[in-house]
Each structure stands twice: as C-alpha cells, then as structure tokens.
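# Notes for the structure review
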Amino acid sequence: GDSVIQMQGQVTLSENDFLFINCTYSTTGYPTLFWYVQYSGEGPQLLLQVTTANNKGSSRGFEATYDKGTTSFHLQKTSVQEIDSAVYYCAMSSSSFSKLVFGQGTSLSVVP
Amino acid sequence: DTTVKQNPRYKLARVGKPVNLICSQTMNHDTMYWYQKKPNQAPKLLLFYYDKILNREADTFEKFQSSRPNNSFCSLYIGSAGLEYSAMYLCASSRGWGGADTQYFGPGTRLLVL
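Below you will find a few notes about this structure. (Residues numbered from 1 in each chain as written. Chains lettered and ligands numbered in written order. Predicted model: local features only at pLDDT ≥ 70, side-chain atom pairs only at ≥ 80, totals over all residues. Heavy atoms only, no water.)

## Here's the deal with the overall build of chain B
Along its length, chain B carries 0 helices and 11 strands. The C-alpha radius of gyration computed for chain B amounts to 13 Å, which stays within 12% of the reference 13 Å derived for 114 residues, consistent with globular compactness. Its C-alpha atoms give chain B principal-axis dimensions of about 35 × 30 × 30 Å. For chain B, the proportion of its 114 residues judged to be buried stands at 47%. Long-range contacts, defined as pairs at least 24 residues apart, comprise 58% of the intrachain contacts of chain B with a sequence gap of at least 6. For chain B, the computed accessible surface area is about 5700 Å², with 51% contributed by carbon and sulfur atoms. Taking the 14 positively charged and 8 negatively charged side chains of chain B as two groups, their mean positions are separated by 10 Å. (Helix = DSSP H or I, 4+ residues; strand = E, 2+ residues; numbered from the N terminus. Rg over C-alpha atoms; globule rule 2.2 N^0.38 Å. Buried < 20%, exposed > 50% of the residue type's maximum accessible area, 1.4 Å probe, protein only. Contact = heavy atoms within 4.5 Å. Areas by Shrake-Rupley, 256 points an atom, 1.4 Å probe, with all protein chains shown as cover. Lys, Arg positive; Asp, Glu negative; His and termini not counted. Charge placed at Lys NZ, Arg CZ, Asp CG, Glu CD.)

## Observations regarding the state of the cysteines
Residues and elements named next belong to chain A. Per the counting criterion, the structure on display carries 2 disulfides over all chains. The disulfide bridge from C23 ends at C90, spanning 1.9 Å between sulfur atoms. Between C23 and C90, the S-S dihedral sits near -90°, and the bridge is therefore left-handed. Highlighted residues: C23 in strand β3 (residues 19–26) and C90 in strand β9 (residues 86–93), separated in sequence by 67 residues. (Disulfide = S-S within 2.5 Å.)

## Some remarks on the nonpolar core
As a rule of thumb, soluble globular proteins bury nonpolar side chains together. In terms of nonpolar packing, the biggest core is built from 26 residues, with A:V4, A:W35, A:L47, A:F73, A:L75 and A:Y88 touching the most fellow members. Of all elements in the fold, only β2 (10–14), β3, β4 (32–38), β5 (45–50), β7 (62–67), β8 (72–77), β9 and β11 (106–111) of chain A reach the threshold of two or more residues within this core. When residues no more than four places from it in sequence are discounted, the contact partners of A:V4 are A:C23, A:T24, A:Y25, A:F73, A:C90, A:M92, A:V101, A:F102 and A:G103. Residues B:L46, B:L76, B:C91 and B:V113 belong to the second largest nonpolar core, which totals 22 residues. (Core = buried A, V, L, I, M, F, W, Y, C linked by side-chain atoms within 4.5 Å.)

## As for the sheet that holds β7(A)
Residues and elements named next belong to chain A. Strand order in the open sheet made by the 5 strands is β1-β3-β8-β7-β6, with antiparallel pairing throughout. The sheet terminates laterally at β1 (3–6) and β6 (57–59), the two strands that pair on one side only. On average, each strand axis in the sheet is tilted by 20° relative to the strand beside it, whichever way the strands run. Note: β3 against β8, 6 bridges, orientation antiparallel. Paired with L19 across the bridge in β8 is K77. (Pairing = 2+ DSSP bridges. Axes fitted to C-alpha atoms, helices over the stretch in contact; angles between N-to-C directions.)

## What about the interface of chain B and chain A?
At the junction of the two partners, chain B supplies 19 residues and chain A supplies 20 residues. Approximately 1500 Å² of surface area, both sides summed, lies buried where chain B meets chain A, with 57% of it carried by carbon and sulfur atoms. When the buried surface of chain B facing chain A is broken down by residue, B:W97, B:G99 and B:F105 rank first, second and third, together holding 30% of it. Run the count over chain B and chain A and you get 1 salt bridge. Measuring nitrogen to oxygen at the nearest pair gives 2.5 Å for the salt bridge that ties A:K99 to B:E57. Scanning the region where chain B abuts chain A turns up 4 residue pairs in polar contact (both at pLDDT 80 or more). Across the side of chain B that touches chain A, the residue classes break down as 9 nonpolar, 7 polar and 3 charged. (Buried area = accessible area lost by both parts, 1.4 Å probe. Salt bridge = Lys/Arg side-chain N within 4 Å of Asp/Glu carboxyl O. Polar contact = N/O pair within 3.5 Å; in protein donor to acceptor, adjacent residues only side chain to side chain. Nonpolar A, V, L, I, M, F, W, Y, C, P; charged D, E, K, R; others polar.)

## Concerning a nonpolar patch on the surface
Together, B:L12, B:L112 and B:L114 make up an exposed nonpolar region whose accessible area comes to about 280 Å². With respect to the helices and strands, the residue B:L12 is situated in strand β2 (residues 10–13). (Patch = residues over 30% accessible without salt bridge, like charges linked within 9 Å, V, L, I, M, F, W, Y side chains within 5 Å.)

## A short note on the sheet that holds strand β3 (residues 19–25) of chain B
Residues and elements named next belong to chain B. Pairing is antiparallel across the open sheet formed by 4 strands, whose spatial order is β1-β3-β8-β7. Pairing within the sheet leaves two strands with one partner each, and these edge strands are β1 (4–7) and β7 (65–70). With strand direction ignored, the average angle separating the axes of adjacent strands in the sheet is 20°.

## Points about the side chain of B:S66
All names here are of chain B. By secondary structure assignment, the location of S66 is in strand β7. By relative accessible area, S66 is classed as buried at 11%. If near-sequence neighbours (up to four positions away) are discounted, S66 is found in contact with W34, L47, Y49, L54, C74 and S75.

Below, the structure is given as structure tokens:
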C-alpha cells in the first residue's frame, strides 16, 4: 500500500538558519504531495502542494519539490524565524480519489 | 470562514465507558474526516463521510462509529473506551472527496482514557 516516511522527528535551529526536511514515499499511483504545518493549539493547515515532479511549490518563504527518481520530496526555507516553530507533516495522495497518507511529522523549534 | 470546530477540546473517559466527540464546519463541505494521532505516529484516517455515505477504514472498522445528522456536523463515537484509545482526534473537512482536495483541520480533541 501507499506509505510515507518522515525520519526527522525533531529539529532545532537558530533564527536565519536553513531548513531542510525530507520525506520518502511509496506508491504505484501518480502522487500529489503535500506539506501541512501545525502550530501550537491549532490543527494542521495546508502549506504547500506539489502535483508534478521537479516542479516547485512555494508559499510563505517555503519551497517544496519532489524527485520521482528517488521517490523523495522535501521542504526547505532559506532563513527560518521563530514564528516558523511548528510541526511539519508531509503527506501524499496517490490519486484523485485516494486518501491522504501522512508522515510522522517533524517538530521544528527555532530559537532566537 | 475556514474554521473547523471540535468539542470538547479535552476529554477524560473511564475504561469501558462510551465517548462521543463532536465536529462542525460551516464551509458547506461535502466530506468530513476523523483522524487519530498518537505521539510519534502519523495521523491515521479512521473514517470519513462523503455527503451521507460513511466509509470506515478496514483496520478500525469495529472500533469507531460516526454519524452526520446534517452537512455541518459529524460525530465520532466509541462504544467502550479502552486505554489504547487515548490519543488526539482530529476532524477535517474538504469540499469534495479525494486526497487532492485541501483538507481543513480542527484543533483536535485530546482524549485520555483511564
């Protein structure tokens, strides 16, 4: 079945550091890949969606791409700020009518 | 307004007792979902309603029930809570059905079973 693996459980960075979070996926379908962000006390919200391999999605200073060859997708931001502290989930849908499969989440703490 | 609301935010239940969690949305979305989230695990889809049709995941089929009396409300019902039900329960909604549709999540209900 479809699966998503997100290995980085916790990441601590200083302000203005570079952020890179990686996920790998497995599917026999044609995936659409997502990044959701969950701030403290709130539910997850969509940050980025990427539907085509090697295309970039971008939002709020974050960029996401996926590599069909290595079945991986990643989220990056050049310069993180304290307000970016949150849990970041990668997720995949293998077709228009399939469920969303989430990774375990990466808890990002940005310290001043 | 893209708000999904969940009540209660925290729930303490006794082993063997029933639990009912409530979710509401005012976006007129066709689909409403329930996920279970445990520490260090990915959110896991339990079930979803597409309009009036309930779909339950095979591995949790017998553990959870749900009802959707109207478009705006959806409940998650546990008939007899066990310790393993302690988790965060996230409700979400989307305009259509399908993973490509953006899902809007509520803040979650944290359930502790003792």
